[in-house]
Amino acid sequence: MATLFEQHYRQTTVDEQKLYDHLLYWSQLESPARLIERFRGLFLGNGNYPDMEVSAALERIVGSREASERFHFILNRCCHILINRWQMQPQHFAAIPELIALFEQPPVTGRAGLYRSRSARRLRELIQQFLQSEQYATLKRLARVMSQAVEARNGSRSLGSLIQRYPYLYRHCLLSEDSSYEQQQVVDKLEQQRQRQFEVDLSKYVTYQILRAQKSRQAGNAATASPIIRPVTNPTLLNDRELYLALKQFVGRVDSGYSYQEMARHFANHSAKLQTYRAFKEDFYRYITSSIAAEYGKRQFYNQLYGYLQNTLPQSDSQRPSDFLVVRTCSQLLNFLVVESANQPQHYVFVDLLSNLGPAATTGLLLKIVLVCRKVKPYLEKRFSILFNHYEDFDNDAVQWLVKALENMNLALTTNFGAIDLSLIKRIV
């Protein structure tokens, strides 16, 4: 059987290209509503699609021996031909979730044409397989990002409905293995826009809290001061106290009068002088555990962490701590602290940390690692995307521990890697 890489990068067939060219042509001429109906008629209709040449090409694709392995890639690309065009025009954003929602509707039935044929039955089977694929899951997440207002109107309570809140998940949750370069560019742009908007909203809210506190001191009563200032909505899902504690954790002085960034710089300067990788791991252990409550650490976490580090690349203990060894150590440590992989989604250590240290301190622990080795930031984001994908169909109330963690990570990355002005935040913490 061909690998996924081979399946994706093999040469496009004539029939596949005919399908792509057909949709691309009409995407430049028709409205989103008309294109959605065209898409429905081609893939979910009753076999009476008006362009018989294109319909015949689809029938040959469906009947090919490789259809089971290839069709979800082909259908995904067909969706993105329309989506890519609509993403360039904000007035057409609403068409994206409408297109994806087609697959959740029952197919059009009828007696004639392709519908009653073997090809029609095979097409429905392949579409059902597509609904179980990572490509379709990615499309659904993209639809949620583009239609958060729709989700709110529908009263969605699933974790997946919150995807638009976390730009750091976009590359990992909104792109699949067959995403094109153009799709990657669109997602990157969307990530930048949402990240910038969150930074603006957070700055406005911090400014509002500072002004409100000043008015309160002047008036001697916060209640009389509040109406004078136009209220600003908290841009997070944390309450005010949780938000304050998170900002204090990620921006303020948390250990011996130093911030996380200051501690990371100090450790980086110190570790550059170490002669062996083993010595690096010893000092890295002390660096990580310096901000963990001893009451919790002495139970079992200190021993677990120390043992994990000692068993990380022991064959390299006598070598100098190279960039490669530091990256490998930090990435494997994130596996241990958060989650191993999508295939092995165990995350007992992470849940235990959250339960005992709280989401702010746990996120701070992860932040310390990423600040020492910034190359593993995408790797940390990937760990969180694995958890998000694993629980995306759960009700929010059932996974509040994860919602709190996602919100804290958003704040940690924004305040330490974003373009936000920290001067106001440092005032409030």
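Cut-offs applied
Residues numbered from 1 in each chain as written. Predicted model: local features only at pLDDT ≥ 70, side-chain atom pairs only at ≥ 80, totals over all residues. Heavy atoms only, no water. Helix = DSSP H or I, 4+ residues; strand = E, 2+ residues; numbered from the N terminus. Buried < 20%, exposed > 50% of the residue type's maximum accessible area, 1.4 Å probe, protein only. Core = buried A, V, L, I, M, F, W, Y, C linked by side-chain atoms within 4.5 Å. Contact = heavy atoms within 4.5 Å. Expected span 1.5 Å × (residues − 1). Arc of directions from axis to C-beta. Disulfide = S-S within 2.5 Å. pLDDT = per-residue confidence, 0-100. Salt bridge = Lys/Arg side-chain N within 4 Å of Asp/Glu carboxyl O. Polar contact = N/O pair within 3.5 Å; in protein donor to acceptor, adjacent residues only side chain to side chain. Axes fitted to C-alpha atoms, helices over the stretch in contact; angles between N-to-C directions. Parallel < 35°, antiparallel > 145°, perpendicular 65-115°, else oblique. Left-handed = near helix turned anticlockwise from the far one by under 90°.

K.L.:
Mind showing me how you'd approach unusual backbone geometry here?
P.N.:
Note: most peptide bonds trans; most residues except glycine with negative phi. Look at leucine 313: it is not a glycine, yet its phi comes out positive at around 50°. Within the secondary structure layout, leucine 313 lies in the loop between helix 16 (294-310) and helix 17 (323-337). Taking the relative accessible area as the measure of exposure, leucine 313 reaches 11% and is therefore buried.

K.L.:
Honestly, the nonpolar core in this entry has me stumped. Any pointers?
P.N.:
The nonpolar side chains of a soluble globular protein tend to be buried, and buried together. Among the nonpolar cores identified, the biggest contains 125 residues, and Phe43, Phe284, Phe301, Leu337 and Phe384 are the most heavily contacted of them. The element that contributes the greatest number of residues to this core is helix 5 (residues 67-87), accounting for 10 residues. The residues contacting phenylalanine 43, other than those within four sequence positions of it, are Leu19, Leu58, Phe71, Leu75, Cys78, Leu123 and Ile127.

K.L.:
Would you explain helix 19 (residues 359-372) in this entry?
P.N.:
One full turn of an α-helix is made of 3.6 residues, so residues set three or four places apart face in the same direction. Over its 14 residues, helix 19 runs 20 Å from end to end, which matches the ideal 20 Å to within 8%, given 1.5 Å per residue. Where burial is concerned, most of helix 19 is hidden: 12 out of the 14 residues are buried. Burial in helix 19 covers these residues: Ala360, Thr362, Thr363, Gly364, Leu365, Leu366, Leu367, Lys368, Ile369, Val370, Leu371 and Val372.

K.L.:
Before we go on, may I ask you to explain helix 3 (residues 32-43) in this structure?
P.N.:
Between its first and last C-alpha atoms helix 3 spans 16 Å; for 12 residues at 1.5 Å apiece the expected length is 16 Å, and the two agree. Residues of helix 3 that are buried include every one of Pro32, Leu35, Ile36, Arg38, Phe39, Leu42 and Phe43, and no others. The arc that holds the buried residues of helix 3, viewed along the axis, is 160°, so those residues lie on one side. The elements touched by buried residues of helix 3 are helix 2 (14-27), helix 4 (52-62), helix 5, helix 6 (95-101) and helix 7 (118-130).

K.L.:
When you look at the state of the cysteines in this model, what are you seeing that I'm missing?
P.N.:
Simply put, disulfide is the name for a covalent bond between the sulfur atoms of two cysteines. What the rule picks out here adds up to zero disulfides. With no disulfide of its own, cysteine 173 lies 18 Å from the sulfur of cysteine 79, the closest cysteine sulfur. Left unpaired, cysteine 330 is separated from the closest cysteine sulfur, that of cysteine 373, by 4.5 Å.

K.L.:
Explain the environment of leucine 309 to me, please; I cannot follow it from the model alone.
P.N.:
Among the secondary structure elements, leucine 309 is positioned in helix 16. Assessed through its relative accessible area of 0%, leucine 309 is described here as buried. Excluding residues that lie within four positions of it along the chain, leucine 309 makes contacts with Lys281, Phe284, Tyr285, Thr329 and Leu333.

K.L.:
Would you mind going over the confidence of the model for the protein with me for this structure?
P.N.:
Keep in mind that low pLDDT regions are not for reading the predicted coordinates in detail. When pLDDT is averaged across the protein, the result is 88; 90% of the residues are at 70 or more. By mean pLDDT, the top-scoring element of the protein is helix 21 (residues 400-417) (97), and the lowest-scoring one is helix 1 (residues 4-9) (41). Counting contacts from residues 1-9, a segment whose pLDDT is below 50, to residues more than four positions away or on other chains yields 11 contacts. A low-confidence stretch, residues 111-115 (pLDDT under 50), is modelled with 17 contacts involving residues beyond four sequence positions or located in other chains.

K.L.:
What should I look at first to understand the side chain of lysine 368 in this one?
P.N.:
For lysine 368, the location among the structural elements is in helix 19. The class for lysine 368 is buried, based on a relative accessible area of 0%. Residue contacts for lysine 368: discarding those within four places in its chain leaves Tyr260, Met263, Tyr287, Ile288, Ser290 and Ser291.

K.L.:
I would appreciate a short explanation of the pattern of salt bridges in the present structure.
P.N.:
Tallied over the entire structure, the rule returns 22 salt bridges. The partner of glutamate 16 in a salt bridge is arginine 70, with the nearest N and O atoms 3.0 Å apart. With glutamate 16 in helix 2 and arginine 70 in helix 5, this residue pair connects regions lying 54 residues apart in the sequence. With respect to burial, glutamate 16 and arginine 70 carry one shared label: buried. Here glutamate 30 makes a salt bridge to arginine 38, at a shortest N to O gap of 2.8 Å. For the residue pair glutamate 30 and arginine 38, the accessibility class agrees, reading buried in each case.

K.L.:
Where do I start with the environment of asparagine 311 in this structure?
P.N.:
Within the secondary structure layout, asparagine 311 lies in the loop between helix 16 and helix 17. A relative accessible area of 62% means that asparagine 311 is categorised as exposed. A polar contact of 3.0 Å, which involves the side chain of asparagine 311, links it to the backbone oxygen of glycine 307.

K.L.:
Would you take a moment to explain the packing of helix 14 (residues 260-271) against helix 15 (residues 277-289) for this structure?
P.N.:
A pair of packed helices can be characterised by two numbers: the angle between their axes and the separation between those axes. Relative orientation of the contacting elements helix 14 and helix 15 amounts to 165°, with a least axis distance of 11 Å. In terms of orientation, helix 14 and helix 15 fall into the roughly antiparallel class. The chirality of how helix 14 crosses helix 15 is right-handed. Contact residues: Met263, Ala264, Phe267, His270 and Ser271 in helix 14; Phe280, Asp283, Phe284 and Tyr287 in helix 15.

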